[in-house]
Amino acid sequence: MNLFNVYPLFNINPVKAQGSFLWDDKGEKYLDFYGGHAVISIGHNHPHYQSRLKEQLDKISFYSNSVQNELQTELAEKLGKLSGLEDYNLFLCNSGAEANENALKLASFHNGKKKVLYFSGSFHGRTSAAVSVTDNPKIVAPVNYDERFIKSEWNDIEQLEKVFEKQGNEISSVIIEGIQGVAGIMIPTAQFLSKIKELCEKHNTVLILDEVQSGYGRSGYFFAYQEFGVEADIITTAKGMGNGFPIGGVLIHPKFQASNGLLGTTFGGNHLACVAAIAVLDVMKDENLLENSKKMGEYIENEIKDFPHIKNIRRKGLMMGIELDRNCAEVRNSLLYNHHIFTGNASDNRVLRILPALNIKKEETDLFIGALKTVLQNL
């Protein structure tokens, strides 16, 4: 049997990782400035993370959600305190797409409405409803298309108001990323988010903040939307939540009522996943990683802003899009193969996406800064 060939692969096989570095099967060392799509939040194999998982493996790794699991309670309490959302409730699942599926379903249960509003440039996942609110026709199969899903333009208040004027009473939820990652680090304006919230309240529509990539301290705030002072009804999270262990979560405002069987999952909130997520929160708190995200992101931006071929830098914390005056593929490949540094791209092929671990050190950022300068000067 062969693998189903859906991924374009770099000819690199990592076999070891520590902190912000990877080593391949040939012993070559790489700086990780992408974290596997913002998944690596506290660095590879952090000692506390590693020890907590090993300890848990000696106890119990899994049982279903038909029994009590005190680790879920501990995770919910710590997440509530660090995020400042202690009055919210938590539903645990396995991924960002699954979190968004459950959020959309919960919103529809809540108000009995069917339509969903999403925005140009969005990426919310590849599963049924999540891909229907993702702005990429290439990955939306015919079975996923439906008139219930309405697209509006990013940061366009006028169009937003027109959509609500015509269909507001039918819209169950609005789903929006705290910062659009795949689109190339597109940041919503405070006015745009405030208007969405205003219209949602007026029309009994649920506001869902997708913080799968922009959450967990990535922006310098625990969740990116919190910078703007807007109250979300539902928040979804995943990626950095488990530092590589599959876990997702739905943070739910207390106005939503739970009932037996309303949501469910086989693997979500299992013992190992909870321990991984608890360890991440412990490290984030103990090492003050929200502050480090702001500090290191600002340092990188200040150091590279005058480099040649950079047209624009969009950044919050350590979520950065470097817009070049050309396709970024050559730059990305040179960084990877000539300087051994992993970076990412975006749906806009001119944007180099930077998502290092939140505990990245200055000397490690300097390696990236020096390499990027050399690559851009030699174009």
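Summary of the structure given here. Being a predicted model, the structure only gives us computed values, none of them experimental.

Right, let's talk about the side chain of Lys197 for a bit. Residue placement: Lys197 occurs in helix H7 (residues 190–202). Among the residues examined, Lys197 registers a relative accessible area of 12% and is labelled buried. In this view, Lys197 contacts Leu207, Val230, Glu231 and Asp233; residues no more than four positions away in its chain are not counted.

In this section: the sheet that holds strand E8 (residues 206–210). Within the open sheet, the seven strands sit side by side as E4-E10-E9-E8-E7-E5-E6. Their pairing is mixed. The outermost strands of the open sheet, each flanked by one partner alone, are strand E4 (89–93) and strand E6 (149–152). Between one strand axis and the next, the sheet turns by 20 degrees as a mean value, whatever way the strands run. Bridge analysis of strand E9 (residues 234–237) against strand E10 (residues 248–252) gives four bridges, and the strand direction is antiparallel. Residue pairing across strands places Ile234 opposite Ile252, the latter belonging to E10. Docked against the sheet, H7 engages strand E5 (115–119), strand E7 (171–177) and E8, running at close to 165 degrees with respect to E7.

Here we take up helix H11 (residues 362–377). Between the first and last C-alpha of H11 there are 22 Å, a value that for 16 residues agrees with the 22 Å anticipated at 1.5 Å per step. Listed in full, the buried residues belonging to H11 are Glu364, Thr365, Phe368, Ile369, Ala371, Leu372, Val375 and Leu376.

The N-to-C vectors of helix H6 (residues 157–167) and H7 enclose an angle of 10 degrees; their axes lie 10 Å apart at closest approach. In terms of orientation, H6 and H7 fall into the roughly parallel class. Between H6 and H7, the contacting residues are Ile157, Leu160, Glu161 and Phe164 on the first element and Gln191, Phe192, Lys195, Ile196, Leu199 and Cys200 on the second. Broken down by class, the residue content of the contact of H6 with H7 amounts to seven nonpolar, one polar and two charged.

Applying the stated rule across the entire model yields 20 salt bridges. Linking Lys26 and Asp25 is a salt bridge whose minimum nitrogen-to-oxygen distance equals 3.7 Å. Taking the relative accessible area as the measure of exposure, Lys26 reaches 67% and is therefore exposed. Where Glu323 meets Arg350, a salt bridge forms, and the shortest distance between an N and an O atom there is 3.5 Å. Of this pair, Glu323 sits in strand E12 (residues 319–324) while Arg350 sits in the loop between strand E13 (341–342) and strand E14 (351–354); the two residues are 27 residues apart in sequence, bridging distant segments of the chain. Overall, the relative accessible area of 10% leaves Glu323 in the buried class. When salt bridges with common partners are traced through the structure, they connect Arg52, Glu74, Lys78 and Asp282 into a single cluster.

Time to look at the pairing of strand E11 (residues 310–316). Relative to E12, E11 is paired through six bridges, and the arrangement is antiparallel. Note that in E12 the partner of Ile310 across the bridge is Leu324. Between the end of E11 and the start of E12, which pair antiparallel, lie two residues, with Gly317 showing a positive phi angle near 60 degrees.

Relative to the assigned elements, Ser51 resides in helix H2 (residues 47–57). The class of Ser51 is partly exposed, set by a relative accessible area of 30%. Once the C-alpha coordinates of Ser51 and Gly248 are considered, the two residues, 197 residues apart in sequence, prove to be 21 Å apart. Looking at Ser51, its side chain comes within polar contact range of the main-chain oxygen of His48, at 3.0 Å.

About the cut-offs
- Residues numbered from 1 in each chain as written.
- Predicted model: local features only at pLDDT ≥ 70, side-chain atom pairs only at ≥ 80, totals over all residues.
- Heavy atoms only, no water.
- Helix = DSSP H or I, 4+ residues; strand = E, 2+ residues; numbered from the N terminus.
- Buried < 20%, exposed > 50% of the residue type's maximum accessible area, 1.4 Å probe, protein only.
- Contact = heavy atoms within 4.5 Å.
- Pairing = 2+ DSSP bridges.
- Axes fitted to C-alpha atoms, helices over the stretch in contact; angles between N-to-C directions.
- Expected span 1.5 Å × (residues − 1).
- Parallel < 35°, antiparallel > 145°, perpendicular 65-115°, else oblique.
- Nonpolar A, V, L, I, M, F, W, Y, C, P; charged D, E, K, R; others polar.
- Salt bridge = Lys/Arg side-chain N within 4 Å of Asp/Glu carboxyl O.
- Polar contact = N/O pair within 3.5 Å; in protein donor to acceptor, adjacent residues only side chain to side chain.

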